[in-house]
Amino acid sequence: MAASILKTNVNTKSPEFEKNTRRMIDLVTQIKNEEEQIAAGGGAKAIEAQHKKGRLTARERIAKLIDPGSQFFELGVYAAYEMYEEWGGAPSAGTVTGLARVCGRTFMVIANDATVKAGAFFPMTAKKVIRAQNIAIDNHIPTIYLVDSAGIFLPLQEDVFPDTDDFGRVFRNNAVMSAMGIPQLAAIMGMCVAGGAYLPVMCDHILMTEGSGLFLAGPALVQAAIGQKTSAEDLGGAKMHAQISGTVDFREPDDDACIARIRALADKMGAANPAPFSHVASRQPLYSADEIYGIFSGDPAKQYEMREIIARIVDASEFEEYRAEHGETVLCGYARIGGWAVGLVANQKKHVQTLARGSDQKRMEFGGVIYTESAEKAARFILDCNQNRVPLIFLHDVNGFMVGKDAEWSGIIRAGAKMVNAVANSVVPKIAVICGGSFGAGHYAMCGKAYDPRFIFAWPTARYAVMSGDAAAATLVEIKLKQLERQGKKVDEKAKKELYESVRATYEHQTDPRYAAARLWVDAIIDPAHTREALIQALEAVALNPEIREFKTGVLQT
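The structure displayed is predicted, hence computed values, not measured ones.

The contact between helix α13 (residues 372–387) and helix α15 (residues 412–425) brings their axes to 8 Å, and the two run at 25°. In terms of orientation, α13 lies roughly parallel with respect to α15. As α13 runs across α15, the sense of the crossing is left-handed. Residues T372, A375, E376, A378, A379, I382 and L383 of α13 pack against I412, A415, G416, K418, M419, A422 and V423 of α15.

This is the structure:
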């Protein structure tokens, strides 16, 4: 074997491997079952009502729109999960977004789910649409909107209407995308009212089906405002907008005809500019992706070899490791995924025996912790990738930066600042996968959401917060006990334990990847065995943007 081919030492018959596999399969199954429930939208009655209007549901429309045999890569499935329960919930925030192949070309698809509160915009609906648009903007992805919405969900209008990541930003993004030359097609396939009426009209192509409505104010509001009585069809029907106002470009009899027209238009769009990144024929990894289930340990106290994970993601299991014998708790190296050249930055979860900085004394470095040497190595590697136009992939399982006197004396803060600077100013596409823990400043250094990853995915085992559940619970309980002591209250051991378990349970719930996905902190919770496929989809999307701005870091701590 060539030196760059990763060898495997996995014992698939070991009790630990089997235990890990069972745990991961249980988590993946739970996620898939929940996603099926979410995909039901407003439920069977709401779906039946949509069909009685002669309309398809959002997911039925998408299934007909995408190329036969292709898969819809849905993003934001868990948006608004366990939120708005006082209003009956809003599965998937009442909208469906994701990447799709249409006539052989990658599109972002944004479709209102009219089975959820008539497709009304909740606060998270606006944020989800904006996130999808931002992905399209960052990656120059042409976008298709399937519009079927009653507008803003009025009981929560104060949280939907005014801010920079609220409803109005959607239309601002329509204008910006048009100015950037990113094609946008909008199909009105139901109601499109009030401020929401601007969305399709600000797109390049506007389609509308019979029986749909496009107006700034519906018949009831018009009568209340100016006393004029009119039917919905006369006020803003497809025929009126096609013949009289001239607002729509194509009037279609039904959903099927409308979808056929969208595909015909997509088929005749101009070709995208060539990608600036290296791409060759894809090669499969040498080892089965399903083995990731048994290799990975979600137990923070357990070790595993991150190279074994990488070997099951990258093409031909080839990994050109950068400074392999230095700063070993962060792995850096070059590889290909789906034929695309990438640079990988990954947390190593095995403990490493090395020499103390500036001496010949041996020391143990803990897996999942970023030390001074590993931070400096990663920063330098990220600079290299930017210099050579190589997209970056970050694989998270990080406890944070090392603390203590030795770490402080070694300049850990300076080294960490250097790594964070390199990540923050990186101009090549960044894609993050949170495999296990992603805590504290380690989350930032490994390209967390605040550092503009083009895509951010999470495994079902992902956990991220300021610190781990045990550490946070101990800290929060200690603070609470001191508060009680100041009030003259005594707490016995049983009460302390109950308080600890209560705090820990709350904190653990908030570190769950579904909690993060509900708030769009991650774009999708993915099956670990499908990590490679998700990364290929993401890499194909980021390659649509040929523009790479000049790379500058400003002042680097040296």
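What follows picks up the thread again.
Another aspect to go through is helix α5 (residues 167–179). Among all positions of α5, only F167, V170, F171, N173, N174 and M177 are buried. Viewed along the axis of α5, the buried residues span an arc of 155°, placing them on a single side of the element. On its buried side, α5 packs onto α4 (123–139), β4 (143–149), β5 (184–193) and α6 (198–201).

When you tally the buried positions in β5, you get nine out of 10 residues, the bulk of the element. In this fold, the crossover linking β4 to β5 by way of α5 has right-handed handedness. In terms of strand pairing, β5 meets strand β7 (residues 213–215) through three bridges, oriented parallel. Bridging from a neighbouring strand, V193 pairs with F215 of β7.

In the structure shown here, the tally under the stated rule is 28 salt bridges. The closest approach of N and O atoms between E318 and R283, which form a salt bridge, is 3.1 Å. Here E318 is found in the loop between α12 (306–311) and β9 (320–321), whereas its partner R283 is found in the loop between α10 (255–267) and α11 (292–295), with 35 residues between them in sequence. When its relative accessible area of 23% is taken as the criterion, E318 is described as partly exposed. Here R307 makes a salt bridge to E305, at a shortest N to O gap of 3.1 Å.

What follows concerns a nonpolar patch on the surface. A cluster of nonpolar side chains, Y198, M202 and L216, forms an exposed patch at the surface whose accessible area comes to about 290 Å². Its place among the elements puts M202 in the loop between α6 and β6 (205–209). Classification of M202 by relative accessible area gives partly exposed; the value is 30%.

With respect to the secondary-structure elements, S92 resides in the loop between β1 (73–75) and β2 (95–102). Measuring from C-alpha to C-alpha, the distance between S92 and Q284 comes to 33 Å, with 192 residues separating the pair along the chain. If we skip the residues at most four places from it in the chain, S92 touches I38, R59, E74, G76, V77, A79 and K128.

Moving on: the nonpolar core. I310, F455 and F457 are the most contacted members of the largest nonpolar core, which totals 77 residues. Counting residues in each nonpolar core, the second largest holds 41 residues, with M419, A432, A517 and I525 among its members.

Tallied over the entire structure, the rule returns 15 aromatic pairs. Measuring from centroid to centroid gives 5.0 Å for Y78 and Y81, while their planes differ by 80°, and the two rings are edge-to-face. Ring centres of F167 and F171 lie 5.0 Å apart, and the angle between their planes is 75°; on these two criteria the pair is classed as edge-to-face. Of the two residues, F167 and F171 both sit in helix α5, four residues apart, roughly one turn of that helix. Each member of the pair F167 and F171 is classed as buried. Three or more aromatic residues joined by ring pairs make a cluster, and in this case those are Y84, W87, F122 and F153. One residue, R519, lies across the ring of Y515, its end atom 3.5 Å from the ring centre.

Turning next to the packing of α4 against α5. Following both chains from N to C, one finds α4 and α5 inclined at 20°, their axes separated by 9 Å at the closest point. Put simply, α4 runs roughly parallel to α5. Crossing angle aside, the handedness with which α4 passes α5 is left-handed. Between α4 and α5, the contacting residues are A126, V129, I130, Q133, N134, A136 and I137 on the first element and F167, R169, V170, N173, N174 and M177 on the second. Across the contact of α4 with α5, the residue classes tally to eight nonpolar, four polar and one charged.

Relative to the helices and strands, E34 is located in helix α1 (residues 15–39). Owing to a relative accessible area of 14%, E34 belongs among the buried residues under this scheme. Within polar-contact distance, the side chain of E34 engages the side chain of Y78 at 2.6 Å. If we ignore the near neighbours within four places in the chain, the residues touching E34 are Y78, Y81 and R514.

Criteria and cut-off values
- Residues numbered from 1 in each chain as written.
- Predicted model: local features only at pLDDT ≥ 70, side-chain atom pairs only at ≥ 80, totals over all residues.
- Heavy atoms only, no water.
- Axes fitted to C-alpha atoms, helices over the stretch in contact; angles between N-to-C directions.
- Helix = DSSP H or I, 4+ residues; strand = E, 2+ residues; numbered from the N terminus.
- Parallel < 35°, antiparallel > 145°, perpendicular 65-115°, else oblique.
- Left-handed = near helix turned anticlockwise from the far one by under 90°.
- Contact = heavy atoms within 4.5 Å.
- Buried < 20%, exposed > 50% of the residue type's maximum accessible area, 1.4 Å probe, protein only.
- Arc of directions from axis to C-beta.
- Right-handed = clockwise from strand over helix to strand, strands pointing away.
- Pairing = 2+ DSSP bridges.
- Salt bridge = Lys/Arg side-chain N within 4 Å of Asp/Glu carboxyl O.
- Patch = residues over 30% accessible without salt bridge, like charges linked within 9 Å, V, L, I, M, F, W, Y side chains within 5 Å.
- Areas by Shrake-Rupley, 256 points an atom, 1.4 Å probe, with all protein chains shown as cover.
- Core = buried A, V, L, I, M, F, W, Y, C linked by side-chain atoms within 4.5 Å.
- Phe/Tyr/Trp six-rings, centres within 6.5 Å; stacked < 30°, edge-to-face > 60°.
- Lys NZ or Arg CZ within 6 Å of the ring centre and 35° of its normal.
- Nonpolar A, V, L, I, M, F, W, Y, C, P; charged D, E, K, R; others polar.
- Polar contact = N/O pair within 3.5 Å; in protein donor to acceptor, adjacent residues only side chain to side chain.

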